[in-house]
There are 2 protein chains.
Amino acid sequence: MLRFSRALWEKGAAAGLVTHPRDLFYLVGTAQPANLLLRPDREPVLFARRFFDRVRAEAFLDDVRRSSALDPLAALLGDEPRPGPLALALDVIPAGLASKTQNALRFDEVCDYSPVLMRQRAVKGPDEISAIRQSAEIFAAADETIRHRARPGMTERELAAHVSRAVRLAGHDGHVFYRRWDACLQPEGIVTSGPNATALSGHAMTITGIGASPALPFGASDRALAQHDLLTIDIGLFRAGYHADIARSYSLGTPSAAVAKVVAAVEAAHAAALAAVVPGAPASAAYHAAQESVEDAGFSEFFQGHGDDQGHYVGHGVGIELDDLPVLGPTNAEPLAEGMVLAIEPKLMVPGVGAVVIEDTVLVGPNGPEVLSPVASEVRIIAC
Amino acid sequence: MLRFSRALWEKGAAAGLVTHPRDLFYLVGTAQPANLLLRPDREPVLFARRFFDRVRAEAFLDDVRRSSALDPLAALLGDEPRPGPLALALDVIPAGLASKTQNALRFDEVCDYSPVLMRQRAVKGPDEISAIRQSAEIFAAADETIRHRARPGMTERELAAHVSRAVRLAGHDGHVFYRRWDACLQPEGIVTSGPNATALSGHAMTITGIGASPALPFGASDRALAQHDLLTIDIGLFRAGYHADIARSYSLGTPSAAVAKVVAAVEAAHAAALAAVVPGAPASAAYHAAQESVEDAGFSEFFQGHGDDQGHYVGHGVGIELDDLPVLGPTNAEPLAEGMVLAIEPKLMVPGVGAVVIEDTVLVGPNGPEVLSPVASEVRIIAC
């Protein structure tokens, strides 16, 4: 918290207010409804908006008070003119709440604390890495469920339901958190097959499936799996505050020669991207490595999408939210650092042939990548 | 959409921009990434930010264009000064995005369209009521799972996992949508038992459970169920764009005399609240009816919470979001109208005894309430 506050004062903020449950959990260990007030040269104060006893028991800091209103915070800030902006999470808190907060605390301006916080969050400590390891382990239950349950005639929804139970039993806490305001994901992730897996739909991911209705246009649909389908699961695994993000594709029966070429190209791209995950390498290197690999294989027009909708990334950080920093995109020169945890997810979406992804959650170790996913980085064949 | 636009112009807005996926789904039938521009005396224009073909296929309106940028929208609005504010969903879109949008479209001010839209959404049409009916039906699978699976020794998490699969198979689309920016709910809802059900924790609900970690402090924990527990499920059932919201409590074995008194008080409060659900009655009537009923039973200090944390509501609208209008609170004089769909949820949380809730999804019919929940409004005893 101290490092975060210092960075805010260096940026010129006169105070900070943290109210986003994910940010509170990261900074003070509670996700209860609360307001954390940060001031230069003062100890932080946490105001429980409800459930004072629980907030006090959970929070890492000493000064916990009780108020759902902002008046006591304004009083602490005093009557003097504010010498700079109030730092808020302008990327996540609603515009109306930001205005109301700014007025109640009497600031002339606000600034966004999220770039500072997200950069700090990108490098994980030992406890965080351990938590992500445990989240990644849950994928074994999803993989086993698919290998044992998936068969022609079963719908995507049915398979998703089985995965949902399996991952919940294996430790998934049942919700996935995005920082993006308009993104969400079912706890079983994206379960999609055949032509649905090459459709372009929904938010935030590339292989999204089409969902069961236009109201939720991603994830499992009511399509029945068919012999020779390619089937994909892409899942956010959330346990005890931390996410892993893993995806695999499966072939229902022996893949055709056309599918086998796509599979080989994704396996090569995945290996190439992984090899670029070393401390000090630019975040863009993994993207370029994968992109060059699929170009060599003749598939660049199907890399991370197709047509007008190709995504310009090959991965991203994971942690408190599924979409942590850094983004592994073509122009991100930011160096990778030891302790970052990344989802590396090259994929090809070839309409008429199928979609293939291999996504692993990967720790940037001192000398290179350590894959945290509990199952092999390959496309599996399900006999049927 | 026409009614919504007209109300915006009556409020003085010079234009409206809709970008929230739930609002887009309600107004134009698609939840894909898109921007809907509304102007007085002009046809609405929908800009697909991605996936143009799919947006065009799904949307109810004719003029669908392709742009992720806001420049073409600014061009449509022209160079003249704006004669009023830009209407945005200030309760849901992030502050940073609102500022960026305001600047790109060159408005001096913005206003919140959500009160207008939420009021309109409160009264459902026949297709919407039919959709909510189908969502409510899913609860039968949750109820059956609990009655057949719950037994001493099983953890809340295990039971939640079984419910999760059952409701997904029965048609739940796997995610629950809130309008509140900081609320979320697992697809199996809140599964909580014993002392966890009277704990005060988390966001947006009264009987919340404590969750499996401080990172997600509501929903199922790893506590094992015990003989004589009271067990509660409170679940948002989402299918094809519409929610129902239903809760039941169960007794593991014959309830004690103390528990039986709480159960009887909640059953009476539920009946009293339901009787107040008639067109033209103020939204507050159901609250007062339930409150007076529990007061007569001597339980008012445990109504909708306890101690410093009693909730001041006995229900709310359900629909596109789980927390639609109206709020059935003590001061809401707004009259109920035929076609509203309400979650009626009186509950008592008595520390040391247990928590009991009966929540039904209820249609305001021409002469009174029609309960849409597929199982009886009673607390069930699970023999064990």
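Residues numbered from 1 in each chain as written. Chains lettered and ligands numbered in written order. Predicted model: local features only at pLDDT ≥ 70, side-chain atom pairs only at ≥ 80, totals over all residues. Heavy atoms only, no water.

Draft legend 1. Here's a closer look at the interface of chain A and chain B. The interface of chain A with chain B comprises 69 residues on the first partner and 69 residues on the second. Across the chain A to chain B interface the summed buried area is about 5300 Å²; carbon plus sulfur atoms make up 57%. Between the two partners, chain A and chain B, sit eight salt bridges. A salt bridge links Glu188 of chain A to Arg168 of chain B; the nearest nitrogen and oxygen atoms lie 2.7 Å apart. When contributions to the side of chain A that touches chain B are tallied by element, the ones reaching two or more residues are helix H2 (21–28), helix H3 (52–58), helix H5 (95–104), helix H9 (156–169) and strand S8 (230–239) of chain A. Class assignment for the residues of the side of chain A that touches chain B results in 33 nonpolar, 18 polar and 18 charged. (Contact = heavy atoms within 4.5 Å. Buried area = accessible area lost by both parts, 1.4 Å probe. Salt bridge = Lys/Arg side-chain N within 4 Å of Asp/Glu carboxyl O. Helix = DSSP H or I, 4+ residues; strand = E, 2+ residues; numbered from the N terminus. Nonpolar A, V, L, I, M, F, W, Y, C, P; charged D, E, K, R; others polar.)

Draft legend 2. Spatial organisation of empty space enclosed by the protein. A full pass over the atoms with the stated rule returns one cavity of 30 Å³ or more. Counted as a void, the largest cavity has a volume near 710 Å³. For the largest cavity, the lining is made up of 37 residues, of which Trp181 and Ala183 of chain A together with Arg180, Trp181 and Ala183 of chain B are closest to its centre. The residue inventory of the lining of the largest cavity, partitioned by class, reads 22 nonpolar, six polar and nine charged. (1 Å grid on protein atoms, 1.4 Å probe; cavity = no way out; pocket = protein on both sides within 12 Å on 5 of 7 lines; lining within 4 Å. Points joined across faces, edges and corners; volume = space filled by probe spheres on them.)

Draft legend 3. Here's a closer look at the nonpolar core. By size, the foremost hydrophobic cluster in this structure holds 182 residues, and its most contacted members are Leu46 of chain A together with Leu46 of chain B. In this structure Leu46 of chain A touches Leu24, Val28, Thr30, Ala34, Asn35, Leu36, Val55, Ala59, Leu61, Asp63, Val64 and Arg65 of chain A, once residues within four positions along its chain are discounted. (Core = buried A, V, L, I, M, F, W, Y, C linked by side-chain atoms within 4.5 Å. Buried < 20%, exposed > 50% of the residue type's maximum accessible area, 1.4 Å probe, protein only.)

Draft legend 4. Up close: the relation of the copies chain A and chain B. Expressed as a screw operation, the relation of chain A to chain B combines 0.0 Å of axial shift with a rotation of 180 degrees, fitting to an RMSD of 0.0 Å. Viewed as a symmetry operation, the transformation between the two copies matches a two-fold axis. Using C-alpha coordinates, one finds that chain A approaches the rotation axis most closely at Ala95 of chain A, a distance of 1.8 Å. Both copies present the same face, since 100% of the interface residues in chain A are matched by interface residues at the equivalent positions in chain B. (Least-squares fit on C-alpha atoms with pLDDT ≥ 70 in both.)

Draft legend 5. Expanded view of the pattern of salt bridges. Counted under the stated rule, the structure contains 44 salt bridges over all chains. Its salt-bridge partner being Arg121 of chain A, residue Asp324 of chain A comes within 2.7 Å of it at the nearest N-O pair. Residue Asp324 of chain A is located in strand S13 (residues 324–327), and its partner Arg121 of chain A is located in helix H6 (residues 114–122); the two are separated by 203 residues in the primary sequence. Of the two residues, Asp324 of chain A and Arg121 of chain A, both sit in the buried class. For Arg248 of chain B, the salt bridge goes to Asp360 of chain B, with nearest N and O atoms at 2.7 Å. You can see Arg248 of chain B sitting in strand S9 (residues 242–252) and its partner Asp360 of chain B sitting in strand S17 (residues 360–364), a full 112 residues away along the chain. Note on Asp360 of chain B: relative accessible area 0%, which makes it buried.

Draft legend 6. Structural context of the packing of H9 of chain A against helix H9 (residues 156–169) of chain B. Where H9 of chain A meets H9 of chain B, the axes come as close as 8 Å, and the angle between the chain directions of the two elements is 170 degrees. When the axes of H9 of chain A and H9 of chain B are compared, the pair comes out roughly antiparallel. When H9 of chain A is examined against H9 of chain B, the residues Arg157, Glu158, Ala160, Ala161, His162, Ser164, Arg165, Arg168 and Leu169 of chain A are found in contact with a partner set consisting of Arg157, Glu158, Ala160, Ala161, His162, Ser164, Arg165, Arg168 and Leu169 of chain B. Across the contact of H9 of chain A with H9 of chain B, the residue classes tally to six nonpolar, four polar and eight charged. (Axes fitted to C-alpha atoms, helices over the stretch in contact; angles between N-to-C directions. Parallel < 35°, antiparallel > 145°, perpendicular 65-115°, else oblique.)

Draft legend 7. Looking closely at the packing of aromatic side chains. All names here are of chain B. Overall, the coordinates contain eight aromatic pairs over all chains when judged by the stated rule. Judged by centre distance (5.3 Å) and plane angle (80 degrees), the ring pair of Phe4 and Tyr113 falls under edge-to-face. Here Tyr113 lies in the loop between strand S6 (110–112) and helix H6 (114–122) and Phe4 lies in helix H1 (residues 2–10), a separation of 109 residues in the sequence. Judged by its relative accessible area of 0%, Phe4 is buried. Here the aromatic rings of Phe177 and Phe238 are separated by 5.2 Å at their centres, their planes lie at 65 degrees, and the arrangement is edge-to-face. Here the residue Phe177 occupies a position in the loop between H9 and strand S7 (190–193), and Phe238 occupies one in strand S8 (residues 230–239), the gap between them amounting to 61 residues. (Phe/Tyr/Trp six-rings, centres within 6.5 Å; stacked < 30°, edge-to-face > 60°.)

Draft legend 8. Examining the sheet that holds strand S18 (residues 369–371) of chain A more closely. All names here are of chain A. Here five strands make up an open sheet; going across it, the order is S13-S12-S14-S17-S18 and the pairing antiparallel. Each of the sheet's edge strands pairs with one partner strand only, and the pair in question is S13 and S18. Looking at each pair of strands side by side, their axes are set apart by 35 degrees on average, direction ignored. Strands S13 and strand S14 (341–344) of the sheet are contacted by H6, whose axis makes an angle of about 85 degrees with S13. Across the face of the sheet, helix H7 (residues 126–137) comes into contact with S14, strand S17 (360–364) and S18 while running at roughly 160 degrees to S17. (Pairing = 2+ DSSP bridges.)

Draft legend 9. Structural detail: the state of the cysteines. Under the counting rule described, the total for this entry stands at zero disulfides over all chains. Sulfur of Cys184 of chain B: no disulfide; nearest cysteine sulfur belongs to Cys184 of chain A and is 11 Å away. Look at Cys184 of chain B and you get buried, because its relative accessible area is 9%. (Disulfide = S-S within 2.5 Å.)

Draft legend 10. Spatial organisation of the packing of helix H8 (residues 139–149) of chain B against H9 of chain B. Residues and elements named next belong to chain B. Running from N to C, H8 and H9 cross one another at 145 degrees; their axes reach a closest spacing of 9 Å. With respect to the hand of their crossing, H8 and H9 are arranged in right-handed fashion. Contacts between H8 and H9 involve Ala141, Ala142, Thr145, Ile146 and Arg149 on the former and, on the latter, Leu159, His162, Val163, Arg165, Ala166 and Val167. Among the residues making up the contact of H8 with H9, the classes are represented as seven nonpolar, two polar and two charged. (Left-handed = near helix turned anticlockwise from the far one by under 90°.)

Draft legend 11. Geometry of the sheet that holds S8 of chain B. Residue and element names in this part refer to chain B. The mixed open sheet is built from four strands, whose spatial order is S7-S8-S9-S19. Since the sheet does not close on itself, it has two edges, and those belong to S7 and strand S19 (380–382), each with one partner. On average, adjacent strands in this sheet sit at an angle of 25 degrees to one another, irrespective of strand direction.

Draft legend 12. Structural context of the pairing of S17 of chain A. Residue and element names in this part refer to chain A. Within S17, five of the five residues are buried, leaving the element largely enclosed by the surrounding structure. Going residue by residue along S17, you find Asp360, Val362 and Val364 tucked away on one face and Thr361 and Leu363 tucked away on the opposite face as well. Here S17 runs beside S18; their pairing, made up of three bridges, is antiparallel. Looking at the pairing, Val362 lines up with Val371 of S18. Counting the residues between successive antiparallel strands, the hairpin from S17 to S18 contains four residues, one of them, Gly368, with a positive phi of roughly 155 degrees.

Draft legend 13. Fine view of the side chain of Ser293 of chain A. With respect to the helices, strands and loops of the structure, Ser293 of chain A is situated in helix H11 (residues 284–296). In terms of polar contacts, Ser293 of chain A uses its side chain to reach the backbone amide nitrogen of Ala269 of chain A, at 3.4 Å. (Polar contact = N/O pair within 3.5 Å; in protein donor to acceptor, adjacent residues only side chain to side chain.)

Draft legend 14. Representation of helix H10 (residues 257–275) of chain A within the structure. Residues and elements named next belong to chain A. Here H10 spans 27 Å end to end across 19 residues, near enough to the 27 Å set by a 1.5 Å rise per residue. Every buried residue belonging to H10 is among Val259, Val262, Val263, Ala265, Val266, Ala269, His270, Ala273 and Leu274, and all of these are buried. Take H10 and look down its axis: the buried residues cluster within an arc of 165 degrees, on one side only. Exposed positions of H10 whose direction lies more than 90 degrees from the buried face are Ala257, Lys261 and Ala275. (Expected span 1.5 Å × (residues − 1). Arc of directions from axis to C-beta.)

Draft legend 15. The arrangement of H1 of chain B in detail. Residue and element names in this part refer to chain B. Taken as a whole, H1 has its buried residues at Phe4, Ser5, Ala7 and Leu8. When H1 is viewed along its axis, its buried side chains cluster within an angular range of 160 degrees and face the same direction. Every exposed residue of H1 that faces more than 90 degrees away from the buried side is listed here: Leu2, Arg3 and Glu10. The inward-facing, buried residues of H1 contact strand S1 (15–18), helix H2 (21–28), strand S2 (34–38), strand S5 (86–88) and H6.

Draft legend 16. Just the pairing of strand S16 (residues 354–357) of chain A, in detail. Residues and elements named next belong to chain A. Residue alternation in S16 divides its side chains into two sets, Gly354 and Val356 and Ala355 and Val357, and both sets are buried. Pairing analysis gives four bridges linking strand S15 (residues 347–350) to S16, with the strands arranged antiparallel. Within S16, the residue paired with Lys347 across the bridge is Val357. With antiparallel pairing between neighbouring strands as the criterion, S15 and S16 make up a hairpin whose turn holds three residues, including Gly352 at a positive phi of roughly 90 degrees.

Remember that the coordinates give geometry; whether it matters functionally is a separate question.
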